Amino acid sequence: MNFKTISSVVVAAVLFAGNVSAQESADPQKETVIVDEFERTVAVPSYIAEGIRANVIEGFVAKGRFHVVDALTNDALKALSAKRVAEDDVDASNVLNSDSEVVYKSLGAKYIVKGKCNDRTVTREKDVLGDSYSWYSKISFSLTVYNILDGSTVASKNIQLTGVNSDSSEKADMSAVENAKKEMRSFVDAYFKFTTTIEMIESVDKKKGAKELYIVGGNEMGVRKGQVFKVYYVKQIGSRTVNQEIGALKADEVMDGLTKCNVTKGGNEINDIFNNEGKDKLVIESAGNTREKVSGFFGF
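K.L.:
In this structure, what is going on with the overall build of the protein? I would like to understand it.
P.N.:
Looking only at helices and strands, one finds 7 helices and 13 strands in the protein. Every one of the 300 residues in the protein was classed for burial, and the buried ones make up 43%. Taking all contacts inside the protein whose residues are at least 6 apart in sequence as the whole, residues at least 24 apart take part in 65%. Total accessible area on the protein is roughly 15400 Å²; 48% of this is exposed by carbon and sulfur atoms.

K.L.:
Could you clarify how one ought to interpret helix α4 (residues 98–106) in this entry?
P.N.:
Three- or four-residue spacings in an α-helix give side chains the same orientation, since the helix completes a turn every 3.6 residues. Within α4, burial applies to Ser-100, Val-103 and Tyr-104. What you see down the axis of α4 is that its buried residues fit within an arc of 100°, all on one side. For α4, exposure combined with an orientation more than 90 degrees from the buried face picks out Ser-98 and Val-102. Gly-108 sits one or two residues past α4 and shows a positive phi near 75°.

K.L.:
I would appreciate a short explanation of the environment of Glu-245 in the present structure.
P.N.:
Relative to the elements of secondary structure, Glu-245 occurs in strand β11 (residues 240–254). Between the C-alpha atom of Glu-245 and that of Val-283, which follows or precedes it by 38 residues, the distance is 9.3 Å. Once residues lying within four places of it in the same chain are set aside, the contact partners of Glu-245 are Lys-230, Val-231, Tyr-232 and Lys-265.

K.L.:
Help me out: how do you make sense of helix α5 (residues 169–178) in this one?
P.N.:
Taken as a whole, α5 has its buried residues at Ala-172, Asp-173, Ala-176 and Val-177. Each buried residue of α5 lies within a common arc of 135° when the element is viewed along its axis, so the set occupies one face.

K.L.:
Can you help me understand the packing of α5 against helix α6 (residues 180–191) in this one?
P.N.:
Any two packed helices are characterised by the angle at which their axes cross and by the distance between the axes. Where α5 meets α6, the axes come as close as 5 Å, and the angle between the chain directions of the two elements is 15°. Regarding the angle of α5 to α6, the classification is roughly parallel. Between α5 and α6, the residues in contact are Ala-176, Val-177 and Glu-178 and Ala-180, Lys-181 and Lys-182, respectively.

K.L.:
Where do I start with the sheet that holds strand β10 (residues 228–237) in this structure?
P.N.:
In sheet architecture, strand pairing relies on hydrogen bonds along the backbone and comes in two forms, parallel and antiparallel. The strand order β7-β13-β10-β11-β12-β9-β8 describes an open sheet built from 7 strands, whose pairing is antiparallel. Each having just a single partner strand, β7 (195–196) and β8 (198–205) make up the two edges of the open sheet. With 5 bridges joining them, β10 and strand β13 (residues 282–286) adopt antiparallel strand pairing. Bridging across to β13, Val-231 finds its partner in Ile-284. Against the sheet, helix α7 (residues 267–276) engages β8, β9 (209–216), β10, β11, β12 (258–265) and β13, with an angle of about 125° to β8.

K.L.:
Before we go on, may I ask you to explain the nonpolar core in this structure?
P.N.:
Counting residues in each nonpolar core, the largest one holds 30 residues, and the members touching the most others are Ile-52, Val-56, Phe-60 and Leu-143. With 7 residues, the single largest contributor to this core is helix α2 (residues 46–63). Among residues more than four places away in sequence, those in contact with Val-56 are Phe-38, Val-113, Phe-141, Leu-143 and Met-184. The next biggest cluster of nonpolar side chains, apart from the first, holds 21 residues, and it includes Ile-215, Val-223, Cys-261 and Ile-273.

K.L.:
Help me out: how do you make sense of the packing of aromatic side chains in this one?
P.N.:
The description of an aromatic ring pair uses the distance of the two centres, along with the angle that the planes make with each other. Under the counting rule described, the total for this entry stands at 6 aromatic pairs. Considering the side-chain rings of Phe-66 and Phe-192, the 5.6 Å spacing of their centres and the 90° angle between planes classify their relative orientation as edge-to-face. Of this pair, Phe-66 sits in strand β3 (residues 66–70) while Phe-192 sits in the loop between α6 and β7, and the two are 126 residues apart along the sequence. Taking relative accessible area as the criterion, Phe-66 reaches 9% and is therefore assigned buried. Grouped by ring-pair contacts, the aromatic residues Phe-60, Phe-66, Tyr-111 and Phe-192 constitute a single cluster.

K.L.:
How should the packing of α2 against α6 be read in this particular structure?
P.N.:
Across the interface, α2 lies against α6 with an axial gap of 9 Å and an inter-helix angle of 50°. With respect to each other, α2 and α6 are oriented oblique. Handedness of the α2/α6 crossing: right-handed. Seen from α2, the contacting residues are Asn-55, Val-56, Glu-58, Gly-59, Phe-60 and Lys-63; seen from α6, they are Ala-180, Lys-181, Met-184, Arg-185, Phe-187, Val-188 and Asp-189. Its residues assigned to classes, the contact of α2 with α6 shows 6 nonpolar, 2 polar and 5 charged.

K.L.:
Just checking my understanding: could you explain the environment of Lys-279 for this structure?
P.N.:
When you line up the elements, Lys-279 lands in the loop between α7 and β13. Sequence separation between Lys-279 and Tyr-233 is 46 residues; the distance between their C-alpha atoms is 9.7 Å. Once residues within four sequence positions are removed from consideration, Lys-279 is found in contact with Ile-198, Glu-199 and Phe-274.

How each quantity is defined
- What you see as residue numbers is a count from 1 along each chain, following the sequence as written.
- Under the rules for a predicted model, residues below a pLDDT of 70 receive no local features and side-chain atom pairs below 80 are neither given nor counted, while totals for whole chains, interfaces and linings still include all residues.
- Heavy atoms throughout the structure, all of them, feed into the side-chain values; hydrogens and water do not.
- Put simply, DSSP marks the helices as runs of H or I at least four residues long and the strands as runs of E at least two long, and each gets a number from the N terminus on.
- Each residue gets one of three labels from its accessible area relative to the maximum for its type: buried under 20%, exposed over 50%, partly exposed in between, using a 1.4 Å probe on protein chains only.
- Residues count as neighbours in contact if any of their non-hydrogen atoms are within 4.5 Å of one another.
- Using a 1.4 Å probe, the Shrake-Rupley method yields the accessible areas, and only the shown protein chains count as cover for residues.
- Note that the arc is computed from the directions linking the helix axis to the C-beta atoms.
- In this description, a line fitted to the C-alpha atoms serves as the axis of each element, helices being fitted only across the stretch in contact, and the angle between N-to-C directions of two axes falls anywhere from 0 to 180 degrees.
- Every angle not falling under 35 degrees, over 145, or within 65 to 115 is termed oblique; those three ranges are roughly parallel, roughly antiparallel and roughly perpendicular.
- Strands qualify as paired when DSSP identifies two bridges or more between them.
- Residues grouped as a nonpolar core are buried Ala, Val, Leu, Ile, Met, Phe, Trp, Tyr and Cys residues, joined through side-chain atoms within 4.5 Å.
- Pairing of aromatic rings covers Phe, Tyr and the six-membered ring of Trp, with a centre-to-centre limit of 6.5 Å; geometry is then stacked below 30 degrees between planes, edge-to-face above 60, and tilted otherwise.
- In this scheme, a crossing is called left-handed if the near helix is turned counterclockwise away from the far one by less than a right angle; it is called right-handed if the turn is clockwise.
- Here the nonpolar group is Ala, Val, Leu, Ile, Met, Phe, Trp, Tyr, Cys and Pro; Asp, Glu, Lys and Arg are the charged ones; every other residue, Gly included, is treated as polar.

Function cannot be inferred from these measures alone, as they are strictly geometric.
Here you go:
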């Protein structure tokens, strides 16, 4: 099975229906992200670009807190793409022209992801140990994310993928493209933090303060058991509002709409601020998805 087929299967299986706007969603807290068609240089075969793009889409979907709209399957976005080709090429620097901005906002989208597959090299080299040889694939691609509402750049990153296989160069390519899933985990965690609030404090230790508490958001937002959160105190200093890190949480029980967490740091500060200044003074932010160990592997 080549990556063209894989891409179609992944997109068909996991994408939120692209023709439904965020306003019609049962969960308006989720952000809508458009994944645009990827560009590629002549050095990168189409099946590689398609496989990387499929894994980028899967990376957003797997987090559970996004509505993902595929620019290759949404009718309005396909029409916009056809107009670009007919009139003039539109690159990432002017992605938010007046025509495209109207279409993006009509879908309720806040972000658009642009990608380009820049280079791919394949070599056959002798293994470090022994006399056997393996194929080595090295692929580079770049991702840029724009905030559609204000035109700002949310993230821009060049990513390097590597793959090794002793049988063929194509399998080495497939191994490299598969590694895009791992890269997307860290990319989404780094640039798309899940921010929420404390709903209530469940239990308090006399010496350590808050011991267990509930935060808003659970299964529907892709929260996982073992996920780590930072706790910030929203502080006013003169004319400026700043977030001061005061504690940490770890998800213990994930439900629909709520997650029960253990307080691992800052229990006294969390308890005092919550009870004396109000829960709106505390902001909870995801700090990466660790989950519990399962056979030495950390999943989404």
